[in-house]
Amino acid sequence: MNFPITLIQGPGSHSNLIRNFLDDHCDVFDSFTYWPKFGMERKVHRHRVFSNNTRFDIATYLLYGLNHRLAFAFAGQQFQKGILFDYYDSICASNLTEPRALIGWAQTSLTTMRKNARMGGKSVLEHPMPHVDYWMDINTGFFNDRSIKVKPGYSRFSKGLVHKMRKEYEAADYVQVHSTFARDSFVKAGVDSSKILVCPLGYAPPRPREKRSRIENQRLKLLYVGRLELSKGVHLLLSAVQRFPIDELELTLVGRVMPEMQPFLRSLPENIRVVGAKSSEELAEFYLSSDVFVFPSLCDAFGLVILEAMAHGLPVIGSHYSAAPDIVVPNQTGLLTYPETDLAERIQWALDNREKLASMAVAAQRKAIEEHGISHYFRDLEKNLQKAGFLS
């Protein structure tokens, strides 16, 4: 296949990593982006030609400006996102005039992939989450609980978006995911395993900093970083920690609090702190002053904070429902957990084996830096694009 490459970018830093990789490997490629603002960009023989589309700018104003409050008030976030994603998809498709080696972003690429297929092109769907059916099974269970009062938002997709994502899986020649867990969610949903490409994310190691030494007999310091929401298993972590005497351990939760978590955060004991979202510099201090990182997610295609914590020298108690089984070596760099059943047992192990945590921290940091860096991500991305026929 000698088609030029087109990238439909989505939100997040790894979207830019894909573009940076294509910068280094392709003389000609196009990219479209809607985050953090709409825009089109073409690179021809290492020269960039910016071509911001006026319709992109109008859509940004209407959907993120003028109608922002109105859309949320009457229909919620998913309604607004659905309109935006469909419009973005149609703009990308209208600019596709020849068959391409297309890298599309989940939720935003159905129309473009279908047009590309009709012209004889091939598509890889970048999918930074588990199969949508697994995602909805997990989240619908929470939202159907009558005790949890919350409008559809980040975690609960509209029926239209779910239908579109299933059709994207059919339209794509390959689907690229980031963990064995995510791949397995597709296979269990009936997608041919040969269609799934696995490309684990990588992490740039932090600037070396000295970890604070422990004070004997102080409480074991647990850390969680990420959105505080039900699908991340934060409610299970809170429940597990509260089984222990207050003087044995403490838990710090760093990240944005989603509305459905509010009932679980009332009247917390003094050894559990919720500190909100923090800057990268502030976050480093939490990593350096903690003993164990806990990632209890019930639905996570990767969980980059696992690598972030390990790179800062923290052993990890990581969920089987994430990339932790691909990264964490049990009893060497951390522990694996099925958070709904054995999370408290894993915390108890850490309490009972504090003398082992220092060596596990060293091993965790070495593994994150030596085996899961950005170069490893680029290596796997290149192999996958070669398998898809996008690169020679």
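Owing to the predicted nature of the structure, the values given are computational and were not obtained by experimental measurement.

Asker: An account of the pairing of strand β6 (residues 122-126) is requested, with residue identities and associated values reported.
Answerer: With 4 of 5 residues buried, β6 is to be regarded as a mostly interior element. This β-α-β element, strand β5 (residues 101-105) to helix α5 (residues 110-118) to β6, shows right-handed connectivity. Bridge analysis of β6 against strand β7 (residues 174-177) gives 3 bridges, and the strand direction is parallel. The residue bridging E126 from the neighbouring strand is Q176, located in β7.

Asker: So what's going on with the pattern of salt bridges? Which residues, and what values?
Answerer: A side chain with one charge may pair with a side chain of the opposite charge, provided their charged atoms come close. Enumeration over the complete set of coordinates arrives at 16 salt bridges. R183 is paired through a salt bridge with D184; the nearest N and O atoms lie 3.1 Å apart. By relative accessible area, R183 is classed as partly exposed at 29%. A single salt-bridge network, built from bridges that share partners, covers D30, E98 and R100.

Asker: An account of helix α8 (residues 180-188) is needed here, citing residue identities and associated values.
Answerer: Listed in full, the buried residues belonging to α8 are F181, A182, S185 and F186. The arc that holds every buried residue of α8, seen down its axis, measures 145°, which confines them to one face. Of the residues one or two after α8, G190 is the one with positive phi, at around 100°.

Asker: Quick one: what's the story with the packing of aromatic side chains, residue by residue and with numbers?
Answerer: Per the counting criterion, the structure on display carries 8 aromatic pairs. Arranged with centres 5.6 Å apart and planes meeting at 15°, the rings of W135 and F157 form a pair that is stacked. With W135 in helix α6 (residues 132-143) and F157 in the loop between α6 and α7 (159-171), this residue pair connects regions lying 22 residues apart in the sequence. The same class applies to W135 as to F157, namely buried. Taking the centre distance of 5.9 Å and the plane angle of 45° together, the rings of Y377 and F378 count as tilted. Overall, the relative accessible area of 0% leaves Y377 in the buried class.

Asker: Quick one: what's the story with the side chain of H312, residue by residue and with numbers?
Answerer: With respect to the element layout, H312 can be found in the loop between α11 (304-311) and β13 (316-319). A polar side-chain atom of H312 sits 2.8 Å from the main-chain carbonyl oxygen of E308.

Asker: Residue-level account of unusual backbone geometry, with values.
Answerer: One non-glycine residue, Q107, lies in positive phi territory at about 80°. Here Q107 is to be found in the loop between β5 and α5.

Asker: Tell me about the pairing of strand β1 (residues 5-8), and name the residues and values.
Answerer: Side chains on a regular strand alternate between the two faces of the sheet. Residue alternation in β1 divides its side chains into two sets, I5 and L7 and T6 and I8, and both sets are buried. Sheet topology note: the β1/strand β2 (residues 28-33) ladder contains 4 bridges and is parallel. Bridge assignment links I8 to a residue of β2, and that residue is F32. For the handedness criterion, the β-α-β arrangement of β1, helix α1 (residues 13-25) and β2 is classed as right-handed. Taken together, the 3 bridges between β1 and β5 define a ladder with parallel strand orientation. Counted as the bridge partner of L7 is I103 from β5.

Asker: So what about the confidence of the model for the protein chain? Which residues, and what values?
Answerer: Looking at the protein chain, the pLDDT average stands at 86 and 81% of residues meet or exceed 70. Across residues 65-76 the pLDDT falls below 50, and counting only partners more than four positions away or on other chains, this stretch makes 11 contacts in the model.

Asker: Summarise the packing of α11 against helix α14 (residues 354-371); cite the residues concerned and give the values.
Answerer: Contact pair α11 / α14: the axes reach a minimum separation of 7 Å and the direction vectors enclose 120°. When the axes of α11 and α14 are compared, the pair comes out oblique. Handedness of the crossing formed by α11 with α14: left-handed. Only A364, Q365, K367 and A368 of α14 make contact with α11, whose side of the interface consists of L307, M310 and A311. A per-class count over the contact of α11 with α14 returns 5 nonpolar, 1 polar and 1 charged.

Asker: Let's hear about α7: which residues, and what values?
Answerer: With 13 residues, α7 ought to run about 18 Å at 1.5 Å a step, and its terminal C-alpha atoms sit 19 Å apart, in line with that. Along α7, the residues classified as buried are L161, V162, K164, M165, E168 and Y169. One side of α7 holds all its buried residues, which, seen down the axis, span an arc of 160°. The exposed set on the far side of α7, more than 90 degrees from its buried face, consists of K159 and E170.

Asker: Which residues make up the environment of L391, and what values do they have?
Answerer: Relative to the helices and strands, L391 resides in the segment after α15 (374-387). Residues L391 and C26, 365 residues apart in the sequence, show an inter-C-alpha distance of 8.7 Å.

Asker: Explain the packing of helix α13 (residues 339-352) against α14 to me, and be specific about the residues and the numbers.
Answerer: For any two helices packed against each other, the geometry comes down to the angle between their axes and how far apart the axes lie. The geometry of α13 relative to α14 is characterised by a closest axis approach of 5 Å and an angle of 95° between their N-to-C directions. Considering the angle they form, α13 stands roughly perpendicular to α14. Across the interface between the two elements, W349, A350, L351 and D352 of α13 pack against R354, E355, K356, L357 and M360 of α14. Grouping the amino acids of the contact of α13 with α14 by side-chain chemistry returns 5 nonpolar, no polar and 4 charged.

Cut-offs and rules
- Residues numbered from 1 in each chain as written.
- Predicted model: local features only at pLDDT ≥ 70, side-chain atom pairs only at ≥ 80, totals over all residues.
- Heavy atoms only, no water.
- Buried < 20%, exposed > 50% of the residue type's maximum accessible area, 1.4 Å probe, protein only.
- Helix = DSSP H or I, 4+ residues; strand = E, 2+ residues; numbered from the N terminus.
- Right-handed = clockwise from strand over helix to strand, strands pointing away.
- Pairing = 2+ DSSP bridges.
- Salt bridge = Lys/Arg side-chain N within 4 Å of Asp/Glu carboxyl O.
- Arc of directions from axis to C-beta.
- Phe/Tyr/Trp six-rings, centres within 6.5 Å; stacked < 30°, edge-to-face > 60°.
- Polar contact = N/O pair within 3.5 Å; in protein donor to acceptor, adjacent residues only side chain to side chain.
- pLDDT = per-residue confidence, 0-100.
- Contact = heavy atoms within 4.5 Å.
- Axes fitted to C-alpha atoms, helices over the stretch in contact; angles between N-to-C directions.
- Parallel < 35°, antiparallel > 145°, perpendicular 65-115°, else oblique.
- Left-handed = near helix turned anticlockwise from the far one by under 90°.
- Nonpolar A, V, L, I, M, F, W, Y, C, P; charged D, E, K, R; others polar.
- Expected span 1.5 Å × (residues − 1).

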